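Here is how the chains run, residue by residue.
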Amino acid sequence: MKIEISDLTFNCIIGILDFERIKKQKVIINISFEYEYSKDLFIDYSEISALVKKTMKEQKFLLLEDAILYIESLLQNSYKIYTLNIKISKPNILKNCIVSLSN
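Residues numbered from 1 in each chain as written. Predicted model: local features only at pLDDT ≥ 70, side-chain atom pairs only at ≥ 80, totals over all residues. Heavy atoms only, no water.

Colleague: Account for the side chain of Ser49, naming residues and giving values.
Modeller: By the element assignment, Ser49 lies in helix H1 (residues 45-59). By relative accessible area, Ser49 is classed as buried at 16%. (Helix = DSSP H or I, 4+ residues; strand = E, 2+ residues; numbered from the N terminus. Buried < 20%, exposed > 50% of the residue type's maximum accessible area, 1.4 Å probe, protein only.)

Okay, here's the thing in structure tokens:
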């Protein structure tokens, strides 16, 4: 089975620029992963969405790279998943584009 969480959107502190360390900015996160479904193994996607949002808000990452690596490790250590893809976008950091990073 494959779970896809698309356009998880919230505000948090992320970035290395001075103003990014003070003012929360909008981020959009997309996550997809596969897992072996069975009657005994159920992955609650709402739990994962809440965990990612909470982690991003608490950790206040400097770099998108650090955020992706941290979330990747957290999810892989908490759930039996594989083929994990994470994309974090900062839609308002530049005026004429959306900046994103993915693993």
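Still to come is the rest of the account.
Colleague: I'd love a proper account of the packing of H1 against helix H2 (residues 64-78), names of residues and values included.
Modeller: As a packed pair, H1 and H2 sit with axes 11 Å apart at the nearest point and diverge in direction by 140 degrees. Considering the angle they form, H1 stands oblique to H2. Pair H1 / H2 crosses with right-handed handedness. Here Ile48, Leu51, Val52, Thr55, Met56 and Gln59 of H1 lie close against H2, whose contacting residues are Ala67, Tyr70, Ile71, Leu74 and Leu75. For the contact of H1 with H2, the per-class residue count stands at 9 nonpolar, 2 polar and no charged. (Axes fitted to C-alpha atoms, helices over the stretch in contact; angles between N-to-C directions. Parallel < 35°, antiparallel > 145°, perpendicular 65-115°, else oblique. Left-handed = near helix turned anticlockwise from the far one by under 90°. Contact = heavy atoms within 4.5 Å. Nonpolar A, V, L, I, M, F, W, Y, C, P; charged D, E, K, R; others polar.)

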